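Spelled out from the first residue to the last, the chains are:
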Amino acid sequence: MSPENLANIILGVLGVVLQLVFRYVPKVQVWYSGQANKGLWMLIFVALTGAAYFGLSCTPYAAELGVSLSCDQASLFTLLRALFIMASSNQLTYLYTRGR
């Protein structure tokens, strides 16, 4: 599996987990349900998660943590594509769990 595919899978799963946390963790759910711009807040959290993942790739601990991206421009564009996947998986999870 290439680093690009692994980054896409990891961030896709993180998008699902992020939406599930905001849906089912009681304190987070109460805060999130009171927000007027839920989509904007979720996009901010998706971007922060992607930035943290890329930031980890620039540390000496990336290999120990299993971060497969390198700290260069090509990996940044790979991450931007993966962020689109993460945001998409996040919104699909929202749509599938919306009726509950």
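Residues numbered from 1 in each chain as written. Predicted model: local features only at pLDDT ≥ 70, side-chain atom pairs only at ≥ 80, totals over all residues. Heavy atoms only, no water.

## Describing the nonpolar core
Across soluble globular proteins, nonpolar side chains show a tendency to be buried alongside one another.
For step 1, the next point in the chain: Among the nonpolar cores identified, the biggest contains 15 residues, and L11, L18, Y53, L79 and M86 are the most heavily contacted of them.
For step 2, the next point in the chain: Residue assignment for this core shows that the elements contributing at least two residues are α1 (3–24), α3 (38–57) and α5 (73–97).
For step 3, the next point in the chain: With residues up to four places along the chain from it excluded, the contact list for M86 reads L11, G12, L14, G15, L18, V46 and T49. (Core = buried A, V, L, I, M, F, W, Y, C linked by side-chain atoms within 4.5 Å. Buried < 20%, exposed > 50% of the residue type's maximum accessible area, 1.4 Å probe, protein only. Helix = DSSP H or I, 4+ residues; strand = E, 2+ residues; numbered from the N terminus. Contact = heavy atoms within 4.5 Å.)

## Details of the confidence of the model for the protein
For step 1, the next point in the chain: Summing up the model confidence of the protein, the mean pLDDT is 79 and the portion of residues at 70 or higher is 92%.
For step 2, the next point in the chain: Ranking the elements of the protein by mean pLDDT puts helix α4 (residues 62–65) last with 76 and helix α2 (residues 26–33) first with 89. (pLDDT = per-residue confidence, 0-100.)

## With respect to the packing of aromatic side chains
For step 1, the next point in the chain: Per the stated rule, a full pass over the model turns up six aromatic pairs.
For step 2, the next point in the chain: Note on W31 and F45: the rings are 6.3 Å apart at their centroids and 80° apart in plane angle, and the pair reads as edge-to-face. With W31 in helix α2 and F45 in helix α3, this pair connects stretches of sequence that are 14 residues apart.
For step 3, the next point in the chain: On the basis of relative accessible area, F45 is assigned to the partly exposed category, the value being 25%.
For step 4, the next point in the chain: Grouped by ring-pair contacts, the aromatic residues F22, W31, Y32, W41 and F45 constitute a single cluster. (Phe/Tyr/Trp six-rings, centres within 6.5 Å; stacked < 30°, edge-to-face > 60°.)

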